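Listed below, chain by chain, are the residues.
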Amino acid sequence: MAPRTDFPPIRACLFDMDGLLLDSEDKYSLCTNAILHKYNKGPLPWSIKAQMQGRPGSFAGDIFHSWAQLPISKEQYFIEQTELQKLHFPTTKPLAGVEKLLEDLGTAKVSSNGEWKVHIALATSSHASNFKLKTDHLQELFSVFSTDRRVLGDDERIAKGRGKPLPDIYHLALKTINTSLPEGEPEVKPEECLVFEDSVPGVEAGRRAGMRVIWCPHPELANEYLGREAEVLAGRTGEGGNVDLHDLGEIGDGWAEYLKNLEAFPYERYGIVVEKEKGGEEKI
């Protein structure tokens, strides 16, 4: 189908965190592979990790244990995993382009109205305890996300079993924005939102929420879906199981874009105006 080109300017950017803003997916792999090695198992392949990414912990855990067949209980695995995560999560770092992107969006305006700022919210499957481990040393980076616009994986407002690839977390992230808009500013519509995701279930969640999506995957994940990028962008990989296809996108519909990284983000394409330095040049 012909891609849509008459989108309204983006008024809100909604961000996943693990593997999108931070290198925490590599930390997860480090912890998991250490345990697998301890019990004489091979490293976790990306074909399995791809199924786990972005999903609620319990769902991802079921996929992992079904594959790994470790000689220990799930409870013991969780204990060993938690200890390793306490060691490695505090060493997370921002991925390429993230610091500048968040800095730019912190002062960005909507092209159709120079007075409206671009709103930002966080929508991560990470629970509060892990979020704290991953971000306590990055307070300045995450300061662009006001606390009332941070939706975490254990948020009680998200019903149990309603994590990604279901759209609930992005609906809630948008609600946190719309309930805290400046007086006189109209509510942000789903099609005025841009979701930033690295995982395939996350892309599907964004598409099912009726939002535009940036897919910026780990290089190894991109390799797993080589040749299927259009399916990912439409949310049509089948990762979400039996769903109403009317909730998904269409191949080539123009609602989603694949980027290898977040450097040199194309703001103009999305109707976002970033602050310019003296002399009229966009900040670099």
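Higher on the page you've got the structure.
Conventions we followed
- Residues numbered from 1 in each chain as written.
- Predicted model: local features only at pLDDT ≥ 70, side-chain atom pairs only at ≥ 80, totals over all residues.
- Heavy atoms only, no water.
- Helix = DSSP H or I, 4+ residues; strand = E, 2+ residues; numbered from the N terminus.
- Buried < 20%, exposed > 50% of the residue type's maximum accessible area, 1.4 Å probe, protein only.
- Arc of directions from axis to C-beta.
- Contact = heavy atoms within 4.5 Å.
- Phe/Tyr/Trp six-rings, centres within 6.5 Å; stacked < 30°, edge-to-face > 60°.
- Lys NZ or Arg CZ within 6 Å of the ring centre and 35° of its normal.
- Salt bridge = Lys/Arg side-chain N within 4 Å of Asp/Glu carboxyl O.

### Things to note about unusual backbone geometry
With omega at 15 degrees, the peptide bond leading from Lys164 into Pro165 counts as cis. The residue Pro165 is located in the loop between β5 (150-151) and α8 (168-178) in this model. One non-glycine residue with positive phi stands out, namely Asn40, at about 60 degrees. Within the element layout of this structure, Asn40 appears in the loop between α1 (24-38) and α2 (46-52). Taking the relative accessible area as the measure of exposure, Asn40 reaches 74% and is therefore exposed.

### Details of helix α6 (residues 128-135)
By the burial criterion, the buried members of α6 are Asn130, Phe131, Lys134 and Thr135. Down the axis of α6, the buried side of the element spans an arc of 115 degrees, and every buried residue falls inside it. Summarising the contacts, the buried residues of α6 are in contact with α1, α4 (74-88), β4 (119-123), α7 (139-142) and β5.

### Comments concerning the packing of aromatic side chains
Applying the stated criterion across every chain, the model contains 12 aromatic pairs. For the ring pair Tyr28 and Phe89, a centre distance of 5.0 Å and an interplane angle of 70 degrees mean the geometry is edge-to-face. Residue Tyr28 is located in helix α1, and its partner Phe89 is located in the loop between α4 and α5 (98-105); the two are separated by 61 residues in the primary sequence. The same class applies to Tyr28 and to Phe89, which are both buried. Sitting above the plane of the Trp46 ring, Lys49 keeps its charged end 5.4 Å from the centroid.

### Comments concerning the pattern of salt bridges
Counted under the stated rule, the structure contains 21 salt bridges. A salt bridge links Glu185 to Arg11, with the shortest nitrogen-to-oxygen separation between them at 3.1 Å. A residue pair is termed long-range when its members are at least 10 positions apart, and Glu185 in the loop between α8 and β6 (193-197) and Arg11 in the segment before β1 (12-15) qualify at 174 residues. Note on accessibility: Glu185 and Arg11 belong to one class, buried. Between Glu83 and Lys86 there is a salt bridge; the shortest N-O distance is 3.6 Å. Separated by 3 residues within a single helix, Glu83 and Lys86 lie in helix α4, roughly one turn from each other. The exposure class assigned to Lys86 is partly exposed, which follows from its relative accessible area of 47%. Within the structure, one salt-bridge network assembled from shared partners comprises Arg4, Asp6 and Glu191.

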